Amino acid sequence: MTPPDDASAVPDGPRPSPDDLVDGVPLEELVDYLDRGREPRDPRIEGSPACRLALQALQRVSELTLESLQHEADRDPGRDDRWISGLMGTIAREVVDGRAVPLAAPAPGVGTALTKAAVRGLLRRAGDAVDGVLVTATELVGDVTVPEAPVTVRLAVTVRYGVPLADLADALRVAVTAALARHTELNVVAVDVTIADVVPPAEEPGGAR
Amino acid sequence: MVARTGPVRRDGETDREDEISTDDLLSATSDATLAARAADGDTRSFELLARRHGPLMRVVAGRLLASDADADDVVQDAFLTAWHRLADLDDPARLRSWLLRIVSNKSIDRLRSRREHDDVDEARQAATTPAPDDVVEARLQLDAVWRAVDRLPLQQRRCWLLRETAGWSYAEIAEALDLTPSTVRGQLARARRFLLVEMEGWR
Amino acid sequence: MSETTTDHGGRWPRDDDALAEDLTEVLRGTPGLVDVFDARPRREIAAAAVEQGVGRGLEALGLDAPGVDVGGRSSGAGPRGLVHVVRRADGHGTATAHVATDLAASTPVVLAEAAARLRRHLADLGERPDAWAVRVVARLVDGEG
């Protein structure tokens, strides 16, 4: 069957046609009904097997659209490598976070520091090294620009189900404190850990939509 | 992976083993977790999201623009925007829908700028889009649907994709494509009718 | 090329490019330093890509973007002068470097050593030590440990 007319010939509204009626209900009405999430329930539609079948078909054609595009996308695995590299290169070259975490001047006329982003990366790294943990958010509370000023580290983590939680917080504290001691001069007075999520042992890729 | 009670690593050191397993773990991680890490500044997590969803975005852009060449530009730009706006994402679990929205917005921007600059003759542009491979018989329904969507006239295809992939309203589609909302409805009705027949016909 | 009176103390900008390249190479030898990012502001990167002598014209072209620094990891194939060198008319100067340090090392130690190497090189070139401010910033702590 050939596709319908070109767009340029289209009148202002859908052309009425006997094909558009399902058990006396216009297809457009079924479309709108589906868009509304089938609420409020319409007994005329829900009571008609033909209408319910049509609703199923409408649902299916929507799902298949996206699925077919994903299927096409999956066919050529290396196809996107180039623009993805370009993207990551651009991101790497971007504005350096202006807020730096300073270190004591090693000599007159010399200033050394880490960026806040570097420190957050360190925190993620330290936390990820704890088995079954993925760090999802990091925060430094306190004035990081003042030497010796007390700083609290806040971490939000995702934990794999089964990992003992009591030991976890301690392990994270040890890891984080050690990393910051090695790479910064921050005076870390506390490490607060929030367990944001517990996930099953084999989490599915793609996750929830 | 065996659950240990913590590595008690000295001085922030990590094993090579842990390096590998973190990356493995990341590849199998949900969109929501990756999006949260990316919002925290983790470029590695963002790259994994780009690899996971980028191909679909690129295909959608390609179909909206009727140009595979422009698609790469548009999708790269879309992900760059996404990187900057991650903090705006209310529900990280709805990452894919959010990305689809961004990429379709960028595609429409590109279409608009083509119109303004009168750069490309749209009909010619549509004609030069490579046709799907008709030589190979479509063994999968998905292939058949892909080809059917591709056989829609350009205007109908755009309306259909904006509606079905990115959830645009009739008013939004109308404004983007310079049509009236009732024309959009008409285009969608035609596209839907054609696709329903194609879908049924395959069975 | 003619000498001009610019903010470079009478020296041609190309000298500073050469200095930036030298300083970048000096940095790379620092133990515990795994990479050098581009610390130059965007307008300098644009200038390096354009023929010399445009000078203030860049500002007129709107390529002067205050507060926006663009730095990326050097791939080796691109510009080699990644240290941002600014020389003032009074002979003072600043050298700023953005680097990645090794996870297994101690960042403060690495940065201090890197800065020391930069200062030594400047001294070797005959620059007055108290006339230069050196800044080394770690943008990333990386590596396998």
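## Comments concerning the overall build of chain A
Logical step 1: Within chain A, the secondary structure is distributed over six helices and seven strands.
Logical step 2: Ordered by position from the N terminus, the helices and strands of chain A form the series β-β-α-α-α-α-β-β-α-β-β-α-β.
Logical step 3: Counting only residues that meet the buried cut, chain A has 45% of its 209 residues in that class.
Logical step 4: Looking at chain A alone, contacts between residues at least 24 apart form 52% of all its contacts between residues at least 6 apart.
Logical step 5: With the model as given, the accessible surface of chain A reaches about 10,300 Å², and the carbon-plus-sulfur share is 54%.

## Re a nonpolar patch on the surface
Residue and element names in this part refer to chain A.
Logical step 1: On the surface, Y161, L165, I195 and V198 cluster together into a nonpolar patch covering about 390 Å² of accessible area.
Logical step 2: Structurally, I195 is set in strand β7 (residues 187-199).
Logical step 3: Assessed through its relative accessible area of 34%, I195 is described here as partly exposed.

## Some remarks on helix α4 (residues 68-85) of chain B
Logical step 1: Taking 1.5 Å per residue, 18 residues should reach 26 Å; α4 of chain B reaches 26 Å between its end C-alpha atoms and fits that length.
Logical step 2: Restricting attention to buried positions, one finds in α4 of chain B the residues D70, A71, D72, V74, V75, A78, F79, L80, T81, A82 and W83 of chain B.
Logical step 3: The secondary structure elements touched by the buried residues of α4 of chain B are α4 (81-92) of chain A together with α2 (31-40), α3 (43-65) and α5 (95-117) of chain B.
Logical step 4: With a side-chain oxygen positioned 3.4 Å from the backbone nitrogen of A69 of chain B, the residue opening α4 of chain B is S67 of chain B.

## Focus on the pattern of salt bridges
Logical step 1: Per the counting criterion, the structure on display carries 42 salt bridges over all chains.
Logical step 2: Residue R160 of chain A is joined to D131 of chain A by a salt bridge in which the shortest nitrogen-to-oxygen separation is 3.5 Å. Of this pair, R160 of chain A sits in strand β6 (residues 150-160) while D131 of chain A is found in the loop between α5 (116-128) and β5 (133-141), placing the two residues 29 residues apart along the sequence.
Logical step 3: Judged by relative accessible area, which is 8%, R160 of chain A ranks as buried.
Logical step 4: Residue D131 of chain A is classed as buried on the basis of its relative accessible area of 7%.
Logical step 5: Between R63 of chain B and D150 of chain B there is a salt bridge, with the nearest N and O atoms lying 1.9 Å from each other. Here R63 of chain B, found in helix α3, pairs with D150 of chain B, found in helix α7 (residues 141-151); they are 87 residues apart in sequence, far enough to count as distant. For the pair shown, R63 of chain B and D150 of chain B are each scored as buried.
Logical step 6: Members of the salt-bridge network, linked through shared partners, are E28 and D32 of chain A together with R185 and R192 of chain B.

## Things to note about the sheet that holds β5 of chain A
Residues and elements named next belong to chain A.
Logical step 1: Spatially, β5-β6-β7 is the arrangement adopted by the three strands of the open sheet, whose pairing is mixed. The sheet terminates laterally at β5 and β7, the two strands that pair on one side only. This sheet shows a mean twist of 20° between the axes of neighbouring strands, independent of strand direction.
Logical step 2: Relative to β6, β5 is paired through eight bridges, and the arrangement is antiparallel.

## Notes on the interface of chain A and chain C
Logical step 1: The interface is formed by 24 residues belonging to chain A together with 29 residues belonging to chain C.
Logical step 2: If you look at where chain A meets chain C, you find one salt bridge.
Logical step 3: Close ionic contact of R125 of chain A with D142 of chain C constitutes a salt bridge, the shortest N to O distance being 3.0 Å.
Logical step 4: Counting the contacts that link chain A with chain C gives 15 residue pairs in polar contact (both at pLDDT 80 or more).
Logical step 5: Per-element accounting of the side of chain A that touches chain C gives the leading share, six residues, to strand β4 (residues 110-115) of chain A.
Logical step 6: Grouping the amino acids of the side of chain A that touches chain C by side-chain chemistry returns 13 nonpolar, six polar and five charged.
Logical step 7: Pairing geometry for β4 of chain A and strand β4 (residues 132-142) of chain C, over five bridges, is parallel. Residue pairing in the sheet places A113 of chain A in a bridge with V137 of chain C of β4 of chain C.

## So, the packing of α3 of chain B against α4 of chain B
Residues and elements named next belong to chain B.
Logical step 1: The contact between α3 and α4 brings their axes to 8 Å, and the two run at 140°. Here α4 runs oblique to α3, going by the angle between their axes. For the pair α3 and α4, the crossing hand works out as right-handed. Residues T43, F46, L49, A50, H53, G54, M57, R58, A61, G62, R63 and L65 of α3 lie in contact with α4, whose contacting residues are D68, D70, A71, D72, V74, V75, F79, A82 and W83.

## Quick word on unusual backbone geometry
Residues and elements named next belong to chain A.
Logical step 1: Cis peptide bonds are those with omega within 30 degrees of zero, and the linkage from E39 to P40 qualifies with -15°.
Logical step 2: Positionally, P40 belongs in the loop between α1 (27-35) and α2 (43-46).
Logical step 3: Positive phi, normally seen in glycine, also occurs at D23, with a value near 55°.
Logical step 4: Topologically, D23 is positioned in the loop between β1 (21-22) and β2 (25-26).

## Overview of the pairing of strand β2 (residues 84-87) of chain C
All names here are of chain C.
Logical step 1: Where β2 lies against strand β3 (residues 93-102), four bridges are found, and the strand directions are antiparallel. What sits directly across from V85, in β3, is A95.
Logical step 2: As consecutive antiparallel partners, β2 and β3 are separated by five residues, and within that stretch G91 has a phi angle of approximately 90°, a positive value.

## Here's the deal with the confidence of the model for chain A
Residues and elements named next belong to chain A.
Logical step 1: Across chain A, the average pLDDT comes to 86, with 85% of residues at or above 70.
Logical step 2: Mean pLDDT values over the elements of chain A span from 88, in β1, up to 96, in β6.
Logical step 3: Note on residues 1-16: pLDDT is under 50 here. Beyond four places in sequence and across chains, it has 31 contacts.

## A closer look at the environment of A20 of chain C
All names here are of chain C.
Logical step 1: Looking at the secondary structure, you find A20 in helix α1 (residues 13-28).
Logical step 2: Taking the relative accessible area as the measure of exposure, A20 reaches 5% and is therefore buried.
Logical step 3: Linking A20 and V85, residues 65 residues apart in sequence, is a C-alpha distance of 6.1 Å.
Logical step 4: With residues up to four places along the chain from it excluded, the contact list for A20 reads G81, L82, V83 and V85.

## Some words on the nonpolar core
Logical step 1: Core analysis: the biggest nonpolar cluster contains 81 residues, and L30 and L87 of chain A together with F46 and F79 of chain B have the highest contact counts within it.
Logical step 2: It is α3 of chain B that provides the largest number of residues to this core, a total of 11 residues.
Logical step 3: Excluding residues within four positions of it along the chain, L87 of chain A makes contact with F46, A50, Q76, F79 and L80 of chain B.
Logical step 4: The next biggest cluster of nonpolar side chains, apart from the first, holds 55 residues, and it includes L123 and V151 of chain A together with L103 and A114 of chain C.

## Remarks on the packing of aromatic side chains
Logical step 1: Evaluation of the coordinates by the stated rule reveals three aromatic pairs over all chains.
Logical step 2: When the centroid spacing of 5.5 Å and the interplanar angle of 35° are considered together, the rings of W83 of chain A and F79 of chain B count as tilted. Of this pair, W83 of chain A sits in helix α4 while F79 of chain B sits in helix α4, placing the two residues on different chains. Comparing W83 of chain A with F79 of chain B shows no difference in burial state: the two are buried.
Logical step 3: When the ring of F46 of chain B is compared with that of F79 of chain B, the centres are 6.1 Å apart and the planes differ by 70°; the resulting orientation is edge-to-face. Residue F46 of chain B is found in helix α3, and its partner F79 of chain B is found in helix α4; the two are separated by 33 residues along the sequence.

Definitions and cut-offs
- Residues numbered from 1 in each chain as written.
- Chains lettered and ligands numbered in written order.
- Predicted model: local features only at pLDDT ≥ 70, side-chain atom pairs only at ≥ 80, totals over all residues.
- Heavy atoms only, no water.
- Helix = DSSP H or I, 4+ residues; strand = E, 2+ residues; numbered from the N terminus.
- Buried < 20%, exposed > 50% of the residue type's maximum accessible area, 1.4 Å probe, protein only.
- Contact = heavy atoms within 4.5 Å.
- Areas by Shrake-Rupley, 256 points an atom, 1.4 Å probe, with all protein chains shown as cover.
- Patch = residues over 30% accessible without salt bridge, like charges linked within 9 Å, V, L, I, M, F, W, Y side chains within 5 Å.
- Salt bridge = Lys/Arg side-chain N within 4 Å of Asp/Glu carboxyl O.
- Expected span 1.5 Å × (residues − 1).
- Polar contact = N/O pair within 3.5 Å; in protein donor to acceptor, adjacent residues only side chain to side chain.
- Pairing = 2+ DSSP bridges.
- Axes fitted to C-alpha atoms, helices over the stretch in contact; angles between N-to-C directions.
- Nonpolar A, V, L, I, M, F, W, Y, C, P; charged D, E, K, R; others polar.
- Parallel < 35°, antiparallel > 145°, perpendicular 65-115°, else oblique.
- Left-handed = near helix turned anticlockwise from the far one by under 90°.
- pLDDT = per-residue confidence, 0-100.
- Core = buried A, V, L, I, M, F, W, Y, C linked by side-chain atoms within 4.5 Å.
- Phe/Tyr/Trp six-rings, centres within 6.5 Å; stacked < 30°, edge-to-face > 60°.

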